[in-house]
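# A structural walkthrough
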Amino acid sequence: MVTSENGPSWQPQRRAVVGSIAIAFAVGLIFGELADADETTDLELEVAELTSERDELEEALALSPSDDELERLSERIDELENELLQARSEAEDTLSELADREKEIAQREEALNELESDLREHEDALNELASDLSAREQELADTAAGASPETFSEPEGGCQPGQVDINTASIQELQRIYEIGPARAEQIVDLRPFGSVDELTRVSGIAEGRLGGIKAQGVACVD
């Protein structure tokens, strides 16, 4: 309880006001650092309101109020100091949270960059495989186009290891032969027996040019 005497009774209240001003100034500095953060907007408004109320109280104290009024103003100043301290704490928490978010974003960006790098490597590998496959297909096509049944002869002594006997091979085995898919393999099975590989021209879609490619491959045989 403060007294109504002049001089000494006013000094404690004066120190309380000065203390609240110092705290408000410190909090103001913190929010100055956070001016670009959306999360601090509400806290800045709250500090502005508290500061305005403190200024009003300081003016009221300057008018030499009564003892009761002085005590009430002193209690309110204490409340303002506590609220300002709480606002400062919330500002520090906001700073910490923003720092954590920035760190998390940086980590995610780094992981994304690594994934993009891996993806580029896989794309390069696929492009290389596609190029090799295209070159191989072109090589087989050129071989088939330039071949003729007379150019290649069947090996003597029947089928050799690794070759496919068109008279006994399964549909799956027949598909090892150049340009023989499931449909042509079934036709081969239906048209058996064959006296030689040359008779594959009986199969729909196998003309002299394609037959040349089959014989150039050297996989088909008749035992």
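Predicted model only: the values in this text are computed from it and were never measured.

## A word on the side chain of Asp 165
- Within the secondary structure layout, Asp 165 lies in strand β1 (residues 164-165).
- As a buried residue without a salt bridge, Asp 165 has its nearest oppositely charged side chain in Arg 192, at a separation of 7.1 Å.
- Every residue in contact with Asp 165, bar those within four places of it in the chain, is listed here: Cys 159, Leu 174, Cys 221, Val 222 and Asp 223.

## Observations regarding the confidence of the model for the chain
- Taken over all residues, the pLDDT of the chain has a mean of 77, while the share at 70 or more is 70%.
- Contacts of residues 147-156 to residues separated by more than four positions or lying in other chains number 16 contacts, the stretch itself having pLDDT below 50.

## Some points on the state of the cysteines
- One pass over the full model with this rule turns up one disulfide.
- Across the disulfide, Cys 159 is cross-linked to Cys 221 (sulfur-sulfur distance 1.8 Å). As the torsion about the S-S bond is roughly 110 degrees, the Cys 159-Cys 221 disulfide counts as right-handed. Placement of the pair is Cys 159 in the loop between α3 (67-146) and β1 and Cys 221 in strand β2 (residues 220-221), with a sequence separation of 62 residues.
- The class for Cys 221 is buried, based on a relative accessible area of 2%.

## Focus: unusual backbone geometry
- The linkage connecting Arg 192 with the following residue, Pro 193, adopts the cis geometry, with an omega of 0 degrees.
- The backbone phi angle of Glu 179 is positive, close to 60 degrees, even though this residue is not glycine.
- For Glu 179, the location among the structural elements is in the loop between α4 (171-174) and α5 (182-191).

## A closer look at the nonpolar core
- Of all hydrophobic cores here, the largest spans 19 residues; its most connected members are Ile 166, Leu 174, Ile 177, Ile 180, Ile 188, Leu 200 and Ile 214.
- Put simply, the parts of the chain that give this core at least two residues each are α5 and α6 (208-217).
- Residues in contact with Ile 180, not counting those within four places in the same chain, are Leu 174, Gln 175, Ala 185, Ile 188, Ile 206 and Ile 214.
- By size, the runner-up hydrophobic cluster in this structure holds eight residues, among which are Val 47, Leu 50, Leu 57 and Leu 80.

## A look at the pattern of salt bridges
- All told, the structure shown has nine salt bridges when counted by the stated rule.
- Put simply, Glu 53 and Arg 76 hold a salt bridge, and the shortest N to O gap is 2.5 Å. With a gap of 23 residues between them, Glu 53 in helix α2 (residues 41-62) and Arg 76 in helix α3 connect regions that are remote in the sequence.
- Taking the shortest distance from any N to any O, the salt bridge between Arg 210 and Glu 179 comes out at 2.2 Å.

## Remarks on α6
- Those residues of α6 that sit buried are Leu 211, Gly 212, Gly 213, Ile 214 and Lys 215.
- Of the residues one or two after α6, Gly 218 is the one with positive phi, at around 80 degrees.

Calculation rules
Residues numbered from 1 in each chain as written. Predicted model: local features only at pLDDT ≥ 70, side-chain atom pairs only at ≥ 80, totals over all residues. Heavy atoms only, no water. Helix = DSSP H or I, 4+ residues; strand = E, 2+ residues; numbered from the N terminus. Buried < 20%, exposed > 50% of the residue type's maximum accessible area, 1.4 Å probe, protein only. Lys, Arg positive; Asp, Glu negative; His and termini not counted. Salt bridge = Lys/Arg side-chain N within 4 Å of Asp/Glu carboxyl O. Contact = heavy atoms within 4.5 Å. pLDDT = per-residue confidence, 0-100. Disulfide = S-S within 2.5 Å. Core = buried A, V, L, I, M, F, W, Y, C linked by side-chain atoms within 4.5 Å.

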